[in-house]
Amino acid sequence: PALFGLGVGCDGPPPAEAVPLACDDLSALGPADVRSREGFAYAFPSRAEGRSCANCCFFQADEEGGCGACSLVKGPIHPGAHCSLWSSGAGG
């Protein structure tokens, strides 16, 4: 159990995969890039079954398991997100 609500029990901190990934810090983006993300309907979590940034040909995964990048959408990209530009790279 967690100690005093700190999220740390007697066994130490939770494993890295249990910590939720937050990719919503847009402070480094200008207003035009933020509007662009909104225009492409970037959303987390993906509501398109079988389609997420993780399986899109434009997604560039982070080697350490953090937020990735996209060659079309600026800013931090969650692997479980989706946008209207999604493509498998195999003709659609």
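Please read these numbers as outputs of a predicted model, since none were measured by experiment.

Q: Just to check I follow, could you spell out the nonpolar core for this structure?
A: The tendency in soluble globular proteins is for nonpolar side chains to be buried side by side. By size, the foremost hydrophobic cluster in this structure holds eight residues: Tyr42, Cys53, Phe59, Cys70, Val73, Ile77, Ala81 and Cys83. Beyond its immediate chain neighbours, meaning those up to four positions away, Val73 contacts Arg37, Phe40, Cys83 and Leu85.

Q: I keep staring at the packing of aromatic side chains and nothing clicks. Help me out?
A: Each aromatic ring pair is specified by the distance between its two centres and by the angle formed by the two planes. Evaluated as defined, the whole model comprises zero aromatic pairs. Against the face of Tyr42 rests Arg37, its NZ or CZ located 4.2 Å from the ring centre.

Q: Looking at this structure, how should I read unusual backbone geometry?
A: Working note: non-glycine residues mostly have negative phi, and peptide bonds are mostly trans. A cis geometry characterises the amide bond from Phe44 onward to Pro45, with omega recorded as 0 degrees. Among the secondary structure elements, Pro45 is positioned in the loop between helix H1 (31–39) and strand E1 (59–60). For Ala41, which is not glycine, the phi dihedral falls at a positive 55 degrees.

Q: I would appreciate a short explanation of the side chain of His78 in the present structure.
A: Relative to the helices and strands, His78 resides in the segment after strand E2 (69–70). A polar atom in the side chain of His78 sits 3.4 Å from the backbone oxygen of Leu21. Within the structure, the side chain of His78 is placed 2.8 Å from the backbone nitrogen of Gly80, a separation counted as a polar contact. What His78 contacts, discounting residues up to four positions off in sequence, is Leu21, Cys23, Tyr42, Phe44 and Cys53.

Q: Even after reading the chapter, I still don't get the state of the cysteines, so can you show me in this structure?
A: Here a disulfide denotes one covalent bond, and it connects the sulfur atoms of two cysteines. A full pass over the atoms with the stated rule returns one disulfide. Residue Cys23 pairs covalently with Cys67 via a disulfide, S to S 2.1 Å. The sign of the -100 degrees torsion about the S-S bond sets the Cys23-Cys67 disulfide as left-handed. Here Cys23, found in the segment before H1, pairs with Cys67, found in the loop between E1 and E2; they are 44 residues apart in sequence, far enough to count as distant. By relative accessible area, Cys67 is classed as partly exposed at 24%. The thiol of Cys53 is unpaired, and the distance to the nearest cysteine sulfur, on Cys83, comes to 6.1 Å. In this structure Cys53 comes out as buried when scored by relative accessible area, which is 9%.

Thresholds, definitions, all that
- Residues numbered from 1 in each chain as written.
- Predicted model: local features only at pLDDT ≥ 70, side-chain atom pairs only at ≥ 80, totals over all residues.
- Heavy atoms only, no water.
- Core = buried A, V, L, I, M, F, W, Y, C linked by side-chain atoms within 4.5 Å.
- Buried < 20%, exposed > 50% of the residue type's maximum accessible area, 1.4 Å probe, protein only.
- Contact = heavy atoms within 4.5 Å.
- Phe/Tyr/Trp six-rings, centres within 6.5 Å; stacked < 30°, edge-to-face > 60°.
- Lys NZ or Arg CZ within 6 Å of the ring centre and 35° of its normal.
- Helix = DSSP H or I, 4+ residues; strand = E, 2+ residues; numbered from the N terminus.
- Polar contact = N/O pair within 3.5 Å; in protein donor to acceptor, adjacent residues only side chain to side chain.
- Disulfide = S-S within 2.5 Å.

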